[in-house]
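Chain by chain, the residues:
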Amino acid sequence: MPSVRRVSHEFLQRQGLTTIFGNPGSNELPFLAELPDGIRYVLGLHEGAVVGMADGYAQATGHPVLVNLHAAAGSGNAMGALTNAVASRTPLVVVAGQQVRPAVGPEANLTNVDAPALMKPLVGWAAEPACAQDVPRALAQAVFEARLQRRPTYLSVPYDDWAADAGDNALAVLDRQVQRAGEPGAKQARRLVEQVTAARRPALVLGGDIDTDGHFGAAVRLAEALGCPVWAAPSLFRLPFPNRHPLFRGVLPAGIEPVRRAVEGHDVVLVLGAPVFRYHEYLPGRYLPEGTRLVQVTEDASAAARAPMGEALVADPGAVIELLLGALGAPTVPVGDYRPVPPPQPGDGGRLHPEEVFAALRDELPEDTAYVVESTSTNAAWWRQMDLRRPGSYYFPAAGGLGFGLPGAVGVALGRPDRPVVAVTGDGSANYGITALWTAARHRLPVTVVLLRNGTYGALRWFGGLLGVPDAPGLDIPGLDFTRIAEGYGVTAAHARDPEELRALLARRPDGPRLIQVDTALTAPN
Ligand code: TZD
Ligand code: CA
């Protein structure tokens, strides 16, 4: 009989989990023995970066990804990054090593005490198999749970299990297939079509899932067929709609009262592929205007259940879009031209305005560039200048956990070598995932990091004003030179001092990773 390890490796290959992102310890080494040629291991130097890379890779490829972490200390380091993967519904399968079975009870050093409990409530499923022979089946469950729940899962495996005999039934796991169908039933479909077609002034709110799941183009067709305004859902992590399309109204502000105000006058608000809603700033008010009905379609049963208002249908938003398109027919009114970009605001005293930086990206980089963005105070400047028309153009840390930007860009670049990839990061954010630069250099990934250095946690300064805390300590971060940090990790770096220099640098096609540092003026996120 083959070993637990052989069967597990074979299972991963059959399911297409052939790129492992990891950072190993002694407990993990026996799992990594005899890795078949078809499996590649992408090493990250910190677990936050490992998970950020895996998250970017899984989002970019649309498939579950295996993450290999060290026991409690390594898994703990990964938890901040996992909050983003939970919010972006990324199917990460985290496998961590455990001490050998006889050593777990006495808590020998490197024991992961109560391992499944450590990762809850972040993961959708966590386990440590009760015996070695159950490891391949439990690994399969971890993969299928991640795929079905669209949520990270966690499996802790005592390291003496991998060499054990897999047992008589072990091979049964290799042929397993688990699928989900998400079409609404006939009655549900009729009701939904009725609600939408009977609406006098419908509005669409689209979530990140629309882009993740490949419905970007279909969402444009639906909006044009309805001729209705489109918002992106609050706390956006993927752009589900071209941001200069004439029907696009921007990202809904993440507060109760501003959302109510935005949808005023619409009788039906159809929310596709988003929670209702991921508010951030607490701006209380009524959830919806008088006379407005909200209908949410999401595959995420928990998002449907926890929404504070409206009707929800747990179904595949893509199937629902097709259903509505079938009922609506071709658009009868022309939608108009794409909205032009305004000229960027000027910088001051040798510092560029972030709008000048983004205008340079927009003009100098290919139209199919994928941007992984993590500069928090520049949100308004970003949307004022960018013109993103393609699916998969925009990624942002879904739970607001910094440390996604640089690793996420590395993951996207590994997953989609056909797209130019740019990380746009602040001088604060970059530090949380900085070790990803090493992985970018190691794999010679042509990732461009544009680093906006304003010397401070800009968004927190702005928040301080909002919350009536003008005097909080710990907000300034002077004295960081990212050109030297990047070079230390093996990444080519330059400092752009004016818009022309920046544009000239961007216009050169990279053949490996590069970092461009720009000093920028303070801005407010909205
Ligand atoms: N730690 C983590 C892991 N995530 C966070 N979101 C924060 C701390 C708090 N935080 C924000 O929410 S924004 C921000 C911090 C520290 C400042 C980021 O600074 P930056 O960007 O330089 O990247 P801006 O444009 O100067 O705001
Ligand atoms: Ca900053």
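As a reminder, the structure under discussion sits directly above these lines.
Remember, it's a predicted structure, so these values are computed and weren't measured experimentally. (Residues numbered from 1 in each chain as written. Chains lettered and ligands numbered in written order. Predicted model: local features only at pLDDT ≥ 70, side-chain atom pairs only at ≥ 80, totals over all residues. Heavy atoms only, no water.)

Trainee: An account of the packing of helix 3 (residues 47–61) against helix 4 (residues 72–87) is requested, with residue identities and associated values reported.
Mentor: Where helix 3 meets helix 4, the closest approach of the two axes is 7 Å, and the angle between their N-to-C directions is 35°. The handedness of the crossing between helix 3 and helix 4 is right-handed. For the pair formed by helix 3 and helix 4, the contact residues are Glu-47, Gly-48, Val-51, Gly-52 and Asp-55 on the first element and Gly-74, Asn-77, Ala-78, Ala-81, Leu-82, Asn-84 and Ala-85 on the second. Considering only residue class, the contact of helix 3 with helix 4 consists of five nonpolar, five polar and two charged. (Axes fitted to C-alpha atoms, helices over the stretch in contact; angles between N-to-C directions. Helix = DSSP H or I, 4+ residues; strand = E, 2+ residues; numbered from the N terminus. Left-handed = near helix turned anticlockwise from the far one by under 90°. Contact = heavy atoms within 4.5 Å. Nonpolar A, V, L, I, M, F, W, Y, C, P; charged D, E, K, R; others polar.)

Trainee: Could you give an account of the nonpolar core, with specific residues and numbers?
Mentor: If you look at the biggest cluster of nonpolar residues, it comprises 56 residues, and the most contacted ones within it are Leu-272, Leu-361, Tyr-371 and Trp-382. Looking at this core element by element, the count peaks at seven residues for helix 10 (residues 216–226). No fewer than three residues from each of domain 2 (186–328) and domain 3 (354–519) sit in this core. Excluding anything up to four places from it in sequence, Trp-382 contacts Phe-358, Leu-361, Tyr-371, Val-373, Leu-388, Tyr-394 and Val-424. Ala-54, Phe-404, Ala-413 and Val-449 belong to the second largest nonpolar core, which has 54 residues in total. (Core = buried A, V, L, I, M, F, W, Y, C linked by side-chain atoms within 4.5 Å. Buried < 20%, exposed > 50% of the residue type's maximum accessible area, 1.4 Å probe, protein only. Domains from an automatic or database assignment.)

Trainee: I'd like a rundown of the coordination of the calcium ion (ligand 2), residues and numbers included.
Mentor: The calcium ion (ligand 2) binds to the protein through Asp-427 (OD), Asn-454 (OD1) and Thr-456 (O), with metal-donor distances spanning 2.2 to 2.3 Å. Spacing between the donor residues of the calcium ion (ligand 2) along the chain follows D-x26-N-x1-T. Within this pair, whereas Asp-427 is found in the loop between strand 15 (421–426) and helix 17 (436–442), its partner Asn-454 is found in the loop between strand 16 (447–453) and helix 18 (458–466), the two being separated by 27 residues in sequence. (Donors = N, O, S within 2.8 Å, 3.2 Å for Na, K, Ca; no water.)

Trainee: Explain a nonpolar patch on the surface to me, and be specific about the residues and the numbers.
Mentor: Side chains of Leu-466, Leu-467 and Val-469 sit close together on the surface and give an oily, nonpolar patch of about 280 Å² of accessible area. Inspection of the secondary structure assignment puts Leu-466 in helix 18. (Patch = residues over 30% accessible without salt bridge, like charges linked within 9 Å, V, L, I, M, F, W, Y side chains within 5 Å. Areas by Shrake-Rupley, 256 points an atom, 1.4 Å probe, with all protein chains shown as cover. Salt bridge = Lys/Arg side-chain N within 4 Å of Asp/Glu carboxyl O.)

Trainee: An account of helix 4 is needed here, citing residue identities and associated values.
Mentor: Along its 16 residues, helix 4 runs 22 Å from first to last C-alpha, staying within 8% of the 22 Å computed at 1.5 Å per residue. Within helix 4, the axis deviates most sharply at Gly-80, by approximately 50°. Where helix 4 is concerned, the buried positions are Gly-74, Ser-75, Ala-78, Ala-81, Leu-82, Asn-84, Ala-85, Val-86 and Ala-87. Those residues of helix 4 that are buried lie in contact with helix 3, strand 3 (65–69), strand 4 (92–98), helix 6 (115–119) and strand 6 (153–158). A positive backbone phi angle near 60° is found at Arg-89, which sits one or two residues after helix 4. (Expected span 1.5 Å × (residues − 1). Bend = angle between axes of the 7 residues up to and from the residue.)

Scope: geometric values only; no functional claims are made or implied.
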